[in-house]
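Secondary and tertiary structure notes
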Amino acid sequence: MEKTVPTPVPSHSGSLPSHRIIENLIARYAELVDDGDFAGLGALLADATFHGSGEPVGGSAAIEEMFRNTVIIHADGTPRTQHVTTNIGVEVDEQAGTAVARSYVTVLQSLADLPLQPVAAGRYRDRFARSEGQWRFVERRVQIRMVGDVSRHLHQAANAR
């Protein structure tokens, strides 16, 4: 599977309002994770601090490495997941060039010997900034509230079984 490095989404993409551009950035994150494109994730979050279950991570290379060390990639080059992001709320301060967003995430996984099932669910809290006409992530906070069988999704869980 060919990996692509995403380009930032311009803040004035055609006639799209800022909140829609930010929703597209949130959706792009899910696509990149599900494609196993961790270099693309690093590029998307290059200006951000990522807060997950471990220490906060910042910068493209560090974020890419964190995902490579955390998420299991299967024979097809993907984690065999679908991140479903819902209940998205975006608040934009156009004058300041900042925005915040909140959303829910449900992670589904399926393998040849694992029926389709939810493996995790939680919330995202994001902050964005517009710089040089482009909206970018500046912070992503992931709070997983429910965990299923992540033994084929996360290295740490796989090592514990």
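Everything below is about the structure shown above.
Every value quoted in this text rests on a predicted model; they were computed, and no experiment measured them.

1. Digging into the overall build of the chain
When helices and strands are tallied, the chain shows four helices and seven strands. Its helices and strands taken in sequence order, the chain reads β-α-α-β-β-α-β-β-β-β-α from the N to the C terminus. Counting the 161 residues in the chain, one finds 39% classified as buried. In the chain, once contacts between residues fewer than 6 apart in sequence are set aside, the share between residues at least 24 apart is 56%. Put simply, the chain shows about 8,500 Å² of open surface, and 50% of that area lies on carbon and sulfur atoms.

2. With respect to helix 3 (residues 60-70)
What helix 3 keeps buried is the set I63, M66 and F67. Projected down its long axis, helix 3 carries its buried residues within an arc of 95 degrees, all on one side. Opposite the buried face of helix 3, by more than 90 degrees, sit the exposed residues A61 and N69. Looking at the buried positions of helix 3, the neighbouring elements they touch are helix 1 (18-35), helix 2 (38-44), strand 2 (49-51) and strand 3 (57-58).

3. With respect to the packing of aromatic side chains
Applying the stated criterion to the full structure yields five aromatic pairs. Each ring, one from Y29 and one from Y124, has its centre 5.7 Å from the other, and the planes form 80 degrees; the classification is edge-to-face. Separated by 95 residues along the polypeptide, Y29 in helix 1 and Y124 in strand 6 (residues 114-131) bring together distant segments of the chain. Each of the two residues, Y29 as well as Y124, counts as buried. Through pairs of rings, three or more aromatic residues link up here, namely Y29, F38, F50, F67 and Y124. The residue whose ring lies beneath R140 is Y29, and the NZ or CZ to ring-centre distance is 4.2 Å. Taking NZ or CZ as reference, R140 lies 3.6 Å from the ring centre of Y124, over its face.

4. Section: the nonpolar core
In this structure, Y29, F67, F128 and F137 are the most contacted members of the largest nonpolar core, which totals 29 residues. Going through the elements one at a time, helix 1, helix 2, helix 3, strand 5 (98-111), strand 6 and strand 7 (134-147) are the ones with two or more residues in this core. Among the elements that make up this core, the one with the highest residue count is helix 1 (seven residues). Beyond its immediate chain neighbours, meaning those up to four positions away, F67 contacts Y29, V33, F38, L41 and F50.

5. Considering the side chain of H83
Looking at where H83 falls in the secondary structure, it is placed in strand 4 (residues 81-93). Judged by its relative accessible area of 13%, H83 falls in the buried class. A polar side-chain atom of H83 sits 2.6 Å from a polar atom in the side chain of D34.

6. Focus on the pairing of strand 7
Where strand 2 and strand 7 come together, three bridges link them in parallel fashion. Within strand 7, the residue paired with F50 across the bridge is R140. By the bridge criterion, twelve bridges tie strand 6 to strand 7 in an arrangement that is antiparallel. When the sheet's bridge partners are listed, R130 is paired in strand 7 with W135.

7. Thoughts on the pattern of salt bridges
One pass over the structure, following the stated rule, counts eleven salt bridges. The partner of R141 in a salt bridge is E139, and the shortest N-O contact between them spans 3.3 Å. One network of salt bridges, in which partners are shared, links R127, E139 and R141.

So, how was this worked out
- Residues numbered from 1 in each chain as written.
- Predicted model: local features only at pLDDT ≥ 70, side-chain atom pairs only at ≥ 80, totals over all residues.
- Heavy atoms only, no water.
- Helix = DSSP H or I, 4+ residues; strand = E, 2+ residues; numbered from the N terminus.
- Buried < 20%, exposed > 50% of the residue type's maximum accessible area, 1.4 Å probe, protein only.
- Contact = heavy atoms within 4.5 Å.
- Areas by Shrake-Rupley, 256 points an atom, 1.4 Å probe, with all protein chains shown as cover.
- Arc of directions from axis to C-beta.
- Phe/Tyr/Trp six-rings, centres within 6.5 Å; stacked < 30°, edge-to-face > 60°.
- Lys NZ or Arg CZ within 6 Å of the ring centre and 35° of its normal.
- Core = buried A, V, L, I, M, F, W, Y, C linked by side-chain atoms within 4.5 Å.
- Polar contact = N/O pair within 3.5 Å; in protein donor to acceptor, adjacent residues only side chain to side chain.
- Pairing = 2+ DSSP bridges.
- Salt bridge = Lys/Arg side-chain N within 4 Å of Asp/Glu carboxyl O.

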